[in-house]
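So the chains spell out like this:
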Amino acid sequence: MNHLYLVLEIIVSFSLLLVAKKFFGKVGVFVWIAICTIFANIFEAKNIMLFGLNLAAGHVMFGGVFLATDILSECYGKAEAKKGVWIGLLADIALIACGQLCRLYIASDLDSADPAIQRLFSMNLRITAASAVMFFISNWCDVLLFAKIREMTGGKYLWLRNNVATIVCNCLENFLFYFLAFFPAFSIGQIVSMGLATCLLEIVIGVCDTPFLYLARKIKAKDE
């Protein structure tokens, strides 16, 4: 069933991004980047089984950020895509900072949510910092690589620049994140194994977002 839920999440989340672009233009895409960043970090707390592997549940939403920045690059230019990456980083920092502040409140006697809040927003500083750093670097590199391939191909082969930029940057981010977060507690071999397992899902999501990018290029916002 998890594979079906994966397909449904890809369709629903990527379609909502197209709706955001249709009704709000690049502002809607910026907002969706912030939404995806926050949801992805929350969903990462849940582990699921996919393709026989134990994986975090936030990868589709993280993939939505890559799709959103590619839409910005393709439809509005590299400068707007870079702005989207900064917005994602701000959303990441806001979630971390405000989540920690929420944990500090002393719950009332009527409260039943505090244990869940404490568990959800508890964090390992090293892992959280590694996640935020690699989120920014991978998306920034995606924007640059997407633009470079577009320049080299004369604007042709949208599928090529989308897949190469997204898959390369997303997969490299996996290995570097695991290294920054867990070395030397985990060996290089273990880190490579975890990175390869996550890359399988990232490649599936990266390939699936291509039709949505073609649709986004055709969709004109109401104010455009």
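Keep in mind the model is a prediction, meaning the values are calculated, not measured.

Analysis parameters
Residues numbered from 1 in each chain as written. Predicted model: local features only at pLDDT ≥ 70, side-chain atom pairs only at ≥ 80, totals over all residues. Heavy atoms only, no water. Helix = DSSP H or I, 4+ residues; strand = E, 2+ residues; numbered from the N terminus. Buried < 20%, exposed > 50% of the residue type's maximum accessible area, 1.4 Å probe, protein only. Polar contact = N/O pair within 3.5 Å; in protein donor to acceptor, adjacent residues only side chain to side chain. Contact = heavy atoms within 4.5 Å. Salt bridge = Lys/Arg side-chain N within 4 Å of Asp/Glu carboxyl O. Phe/Tyr/Trp six-rings, centres within 6.5 Å; stacked < 30°, edge-to-face > 60°.

(A) Broad picture of the side chain of Asn-163. Note on placement: Asn-163 falls in helix H6 (residues 158–182). With relative accessibility at 15%, the residue Asn-163 sits in the buried group. A distance of 2.7 Å separates a polar side-chain atom of Asn-163 from the backbone oxygen of Trp-159. Apart from the residues within four sequence positions on either side, Asn-163 is in contact with Val-168, Gly-206, Val-207 and Thr-210.

(B) Geometry of the environment of Leu-53. Along the polypeptide, Leu-53 turns up in strand E2 (residues 53–56). With relative accessibility at 25%, the residue Leu-53 sits in the partly exposed group. Each C-alpha atom of the pair Leu-53 and Trp-86 lies 32 Å from the other, and the pair is 33 residues apart in sequence.

(C) Broad picture of unusual backbone geometry. Even without glycine at this site, Phe-51 takes up a positive phi of about 55 degrees. Residue class for Phe-51 comes out partly exposed when judged on its relative accessible area of 35%. Here Tyr-157, not a glycine, exhibits a phi torsion of approximately 60 degrees, which is positive. Position of Tyr-157 among the secondary structure elements: in the loop between helix H5 (125–152) and H6.

(D) Examining the pattern of salt bridges more closely. Per the counting criterion, the structure on display carries five salt bridges. Glu-74 is the salt-bridge partner of Arg-161, the closest N and O atoms lying 2.9 Å from each other. In this pair, Arg-161 sits in helix H6 while Glu-74 sits in helix H2 (residues 59–76), placing the two residues 87 residues apart along the sequence. Take Arg-161 and Glu-74: they sit in the same class, and that class is buried.

(E) Seen up close, the packing of aromatic side chains. Counted according to the given criterion, the structure contains eight aromatic pairs. Ring centres of Phe-62 and Phe-135 lie 6.2 Å apart, and the angle between their planes is 50 degrees; this geometry places the pair in the tilted category. Highlighted residues: Phe-62 in helix H2 and Phe-135 in helix H5, separated in sequence by 73 residues. The exposure class of Phe-62 is buried, given its relative accessible area of 15%. Taking relative accessible area as the criterion, Phe-135 reaches 4% and is therefore assigned buried. When the centroid spacing of 5.5 Å and the interplanar angle of 25 degrees are considered together, the rings of Phe-136 and Trp-140 count as stacked.

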